Amino acid sequence: MKKQTLLVALGGNALIRKGQVGTVEEQFENLMVPVRQLARLSRDYNMIITHGNGPQVGNLLLQQELSRDIPKLPLEILVAQTQGQVGYMIESSLDSELMALGIIHQKPIVSLITYVVVNPDDPAFLNPSKPIGPIYSKEEAALLPFPTRETKKGYRRVVASPKPLTIIEKREISKLIHMGFIVICCGGGGIPVIREGRSFCGVDAVIDKDLASALLAEEVGVDLFVMATDVEGAMIHFGTPRQELLHRLTPAEAEQYLNEGHFPPGSMQPKVEAALQFVRKTSKRAFITSTSSIEVSVKENTGTLFVP
Ligand code: ADP
Ligand code: MG
């Protein structure tokens, strides 16, 4: 029987947990939690792994602020850097784990720099809303050459978060999967590019990694789409005494909870939207689950399961 293809989108906590400073040792250690499960799952599934990059890009931006003599790099380059950085960390950890399980020979791994096309007329460009990078005082923020916004932590740079339209490397990713590769790609939601004639041009924006992952899952024909994060799944009345984990959602139910405002933008809302979009377009299943429960969710349908 043909193997099913699994896409796992790793959230920020796969590398840095709340309260940690995020040393490289911490990041490698945290990664072992999903990587051990992914290594075992790779026996039964073809696998695509995507990942976030928020804290990693944040640190690169901070480093740029601190070294005034070195020319600053645009966001698209920083996203590419983190695809290399995090891709390497996942790839090398997974490689060791596959070796330990004795399955390395059948399972080559590749990390792929990934571009994602966005529309230059996306309304998100008129209203940059995604906070990134360092925290500034009000006075510092007023002098910066880019838009900022007051957040809970202080003033931060905001960039547009446009909708992903297509993954440029989708054919290459499909081919690699069919050749038996585990593919790590679409890191940080991908490098946002706009089409200019027959070529592409990077833009200062960030694409939500869950929405990009859902699109990739659809475009390469994934059978099961899993978003791994630091909670057991999507909850209603989150953070209140009435909080309740949702176990199984149809598109109509997911839409209703979205409309009722149970899922905030920038965290749970894009995950539920990504699951909803994938399930509607493909009639396949999607999950939101915790990073420590990826394997059990895939096998036993725990977490929040989205069904067509
Ligand atoms: P990731 O890096 O995995 O994408 P996010 O921080 O973007 O993680 O989203 C996960 C977070 O969403 C959880 O840590 C939780 O605090 C928050 N959250 C907000 N609303 C909800 C909700 N309704 N159900 C579950 N988690 C929620
Ligand atoms: Mg997120």
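My aim in this report is to walk through the structure given alongside it, one point at a time.

The rules behind each value
Throughout, residues of each chain are indexed from 1 in the direction in which the sequence is written. By the order in which they are written, chains take letters starting at A while ligands take numbers starting at 1. Local features in a predicted model are, by the rule used here, given only for residues with pLDDT of at least 70; side-chain atom pairs are given and counted only at 80 or more, and totals for whole chains, interfaces and linings are based on all residues. In computing side-chain properties, one takes all heavy atoms of the structure into account and sets aside hydrogens as well as water. Helix and strand definitions here come from DSSP, where helices need a minimum of 4 consecutive H or I residues and strands a minimum of 2 consecutive E residues; each element is numbered from the N-terminal end. Under the scheme applied here, a residue whose accessible area is under 20% of the maximum for its type counts as buried, over 50% as exposed, and between as partly exposed, the area being computed with a 1.4 Å probe on protein chains only. Every residue pair with non-hydrogen atoms within 4.5 Å of one another is taken to be in contact. In protein, a polar contact requires one atom able to donate a hydrogen and another able to accept it; more generally it is a pair of N or O atoms within 3.5 Å, and residues adjacent in sequence count only if both atoms are side-chain atoms. Any two strands between which DSSP finds at least two bridges are classified as paired. Just to be clear on terms, a salt bridge is a Lys or Arg side-chain nitrogen sitting within 4 Å of an Asp or Glu carboxyl oxygen.

1. Description of the environment of Glu-295
- If you trace the backbone, Glu-295 turns up in helix H9 (residues 294-300).
- On the basis of relative accessible area, Glu-295 is assigned to the buried category, the value being 13%.
- When the C-alpha atoms of Glu-295 and Asp-223 are compared, they prove to be 15 Å apart, with 72 residues separating the residues in sequence.
- If sequence neighbours within four positions are ignored, Glu-295 has contacts with Gln-37, Arg-40 and Leu-41.
- Within polar-contact distance, the side chain of Glu-295 engages the side chain of Arg-40 at 2.8 Å.

2. Describing the sheet that holds strand S2 (residues 45-51)
- The strand order across the open sheet built from eight strands is S3-S9-S2-S1-S12-S16-S17-S15, with neighbouring strands paired in mixed fashion. Taken across any chain shown, the strands that pair with only one partner, and hence form the sheet edges, are strand S3 (109-111) and strand S15 (248-249).
- Bridge count between strand S1 (residues 4-10) and S2: seven bridges; the pairing is parallel. Each residue of the ladder has a partner; that of Leu-6, found in S2, is Met-47.

3. Description of the environment of Asp-122
- Within the secondary structure, Asp-122 sits in the loop between strand S4 (115-117) and strand S5 (130-136).
- In this structure Asp-122 comes out as buried when scored by relative accessible area, which is 12%.
- Taking the C-alpha atoms as reference points, Asp-122 and Pro-164, separated by 42 residues in sequence, lie 9.9 Å from one another.
- When sequence neighbours within four positions are dropped, the list of residues in contact with Asp-122 reads Pro-162 and Lys-163.
- Within polar-contact distance, the side chain of Asp-122 engages the backbone nitrogen of Ala-124 at 2.8 Å.

4. A short note on the pattern of salt bridges
- Per the stated rule, a full pass over the model turns up 10 salt bridges.
- Lys-284 is paired through a salt bridge with Asp-223; the nearest N and O atoms lie 3.6 Å apart. Here the residue Lys-284 occupies a position in the loop between helix H8 (268-282) and strand S16 (285-290), and Asp-223 occupies one in the loop between helix H6 (209-219) and strand S12 (224-229), the gap between them amounting to 61 residues.
- We classify Asp-223 as buried; its relative accessible area is 15%.
- A salt bridge links Arg-280 to Glu-255; its shortest N-O distance comes to 3.0 Å. In this pair, Arg-280 sits in helix H8 while Glu-255 sits in helix H7 (residues 251-259), placing the two residues 25 residues apart along the sequence.
- Since its relative accessible area comes to 45%, Arg-280 is described here as partly exposed.
- Linked by salt bridges that have partners in common, Arg-40, Glu-295 and Lys-299 make up one network.

5. Observations concerning unusual backbone geometry
- One non-glycine residue, His-237, lies in the positive phi region at around 50 degrees.
- Inspection of the secondary structure assignment puts His-237 in the loop between strand S13 (235-236) and strand S14 (244-245).
- Even without glycine at this site, Ser-283 takes up a positive phi of about 60 degrees.
- Here Ser-283 is to be found in the loop between H8 and S16.

In short, the description is geometric, and any link to function would need to be established separately.
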